[in-house]
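Residues per chain are reported as follows:
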Amino acid sequence: MKNILSLIALVVATPALAEDARQLGSHEHGVSTLNLAMDGTSFLMEFRSPGADIVGFEYAAESNADLAAINAALETLSAPLDLFVPPANAACRVAEVHAELASDGDHDDHDDHDDGHSDHSEDEHDMHAHDDHDDHDDHDDHDDHDDHDDHDDHAEHDEEAGHTEFHAEYMLNCSNPAALTEITFTFFEAFPNANEIEVQVITASGARAFEVERDAPTLDLER
């Protein structure tokens, strides 16, 4: 979003904030993260949540039901004032919204790994004498061992590649920013699988970290 102030730039600018960002960046089911930046009448928000928390799964959607669930979630995430509710007298309105589902998997590395393994097997085969039966058996055992290692590596890669996250960025304009004293997280009502949001609030005076939980869904910005 061109008009959104980069929250990442704000975090990197201060070492203490960078440490907080690394801690908040972990992918933990049941836990989402929300960065808030207040700049005059602009109220900027960057939200991340595991796919399992939002739609109940993290695999690549294929069925119509899964695709419908993702579309419905994105529509819900595109209405921030229905999820993160400021006081009415802050007079906030939505200026910009961007919501998406992102995956951390990339199969290019997986393909490169396959190519490398094929070259390795051919070279080792040329180094062994075909008339040496014992050596040939050893080579077979070596191949079996490599295949087993590759299987484990591929399974681990597939598991890592299966994670998805919902990302959303919002810019609000609040004509009475002094009234932004709290935020009510009705987000938990919309997404029953979510249990906690780790919040970082960034202002001109510094940053503060909070945890907002399902059983206490109001964030007091004055404490």
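The structure presented is a predicted model; accordingly, all values stated were derived computationally and were not measured. (Residues numbered from 1 in each chain as written. Predicted model: local features only at pLDDT ≥ 70, side-chain atom pairs only at ≥ 80, totals over all residues. Heavy atoms only, no water.)

(A) Spatial organisation of the overall build of the chain. Helices and strands together make up the secondary structure of the chain, namely seven helices and nine strands. Looking at the chain as a whole, 35% of its 223 residues are labelled buried. Of the roughly 12,600 Å² of accessible surface on the chain, 47% is carried by carbon and sulfur atoms. (Helix = DSSP H or I, 4+ residues; strand = E, 2+ residues; numbered from the N terminus. Buried < 20%, exposed > 50% of the residue type's maximum accessible area, 1.4 Å probe, protein only. Areas by Shrake-Rupley, 256 points an atom, 1.4 Å probe, with all protein chains shown as cover.)

(B) Layout of the nonpolar core. Counting 37 residues, the largest nonpolar core has Phe 84, Phe 185, Phe 187 and Val 199 as the members making the most contacts within it. Per element, the largest residue contribution to this core is five residues, and it comes from strand E5 (residues 164-174). When sequence neighbours within four positions are dropped, the list of residues in contact with Val 199 reads Leu 34, Leu 36, Phe 185, Arg 208, Ala 209, Phe 210, Val 212 and Leu 219. (Core = buried A, V, L, I, M, F, W, Y, C linked by side-chain atoms within 4.5 Å. Contact = heavy atoms within 4.5 Å.)

(C) Up close: the pattern of salt bridges. Summed over all chains, the structure comprises two salt bridges. Linked by salt bridges that have partners in common, Glu 46, Arg 48 and Glu 165 make up one network. (Salt bridge = Lys/Arg side-chain N within 4 Å of Asp/Glu carboxyl O.)

(D) Spotlight on the pairing of strand E1 (residues 31-39). Burial runs high along E1: seven of the nine residues are buried. One ladder, built from seven bridges, connects E1 with strand E7 (residues 196-203); its direction is parallel. Opposite Asn 35, over in E7, you have Gln 200 as the bridge partner. As judged from the seven bridges shared by E1 and strand E2 (residues 42-50), these two strands associate in the antiparallel manner. Each bridged residue has a counterpart across the sheet, and for Asp 39 the counterpart in E2 is Ser 42. Connecting E1 to the antiparallel partner E2 that follows it, the hairpin turn spans two residues, and Gly 40 within it adopts a positive phi of roughly 65°. (Pairing = 2+ DSSP bridges.)

(E) Structural detail: helix H4 (residues 64-77). Given a rise of 1.5 Å per residue, 14 residues ought to cover 20 Å, and the 20 Å separating the end C-alpha atoms of H4 matches this to within 8%. Residues of H4 that are buried: Asp 66, Ile 70, Ala 73, Leu 74 and Leu 77. Looking down the long axis of H4, one finds its buried residues gathered within 100° of arc, a one-sided arrangement. Along H4, exposed side chains directed more than 90 degrees from the buried face belong to Asn 64, Ala 65, Asn 71 and Glu 75. Taken together, the buried residues of H4 touch E2, helix H3 (51-55), strand E4 (92-103) and E5. (Expected span 1.5 Å × (residues − 1). Arc of directions from axis to C-beta.)

(F) Expanded view of the side chain of Asp 53. Locating Asp 53 in the fold gives a position in helix H3. For the buried residue Asp 53, which engages in no salt bridge, the nearest side chain bearing the opposite charge is Arg 214, 8.7 Å off. At 2.8 Å, the side chain of Asp 53 and the backbone nitrogen of Gly 30 are in polar contact. (Lys, Arg positive; Asp, Glu negative; His and termini not counted. Polar contact = N/O pair within 3.5 Å; in protein donor to acceptor, adjacent residues only side chain to side chain.)

(G) Broad picture of the sheet that holds strand E6 (residues 182-185). Spatially, the three strands line up as an open sheet ordered E3-E6-E9, and their pairing is antiparallel. With one partner strand each, in any of the chains shown, strand E3 (84-85) and strand E9 (218-220) form the two edges of the open sheet. As judged from the two bridges shared by E3 and E6, these two strands associate in the antiparallel manner. If you follow Val 85 over to E6, its bridge partner there is Thr 184.

(H) Focus on the environment of Ser 205. When you line up the elements, Ser 205 lands in the loop between E7 and strand E8 (206-213). Under the relative-accessibility criterion, Ser 205 is labelled exposed at 74%. Only 3.0 Å separates the side chain of Ser 205 from the side chain of Thr 203, close enough to count as a polar contact.

(I) Representation of the environment of His 29 within the structure. For His 29, the location among the structural elements is in the loop between helix H2 (15-24) and E1. Placed 24 residues apart in sequence, His 29 and Asp 53 show a C-alpha to C-alpha distance of 6.5 Å. For His 29, the residues in contact, after removing those within four places along its chain, are Pro 50, Ala 52, Asp 53 and Glu 58.

In short, geometric facts, not functional conclusions.
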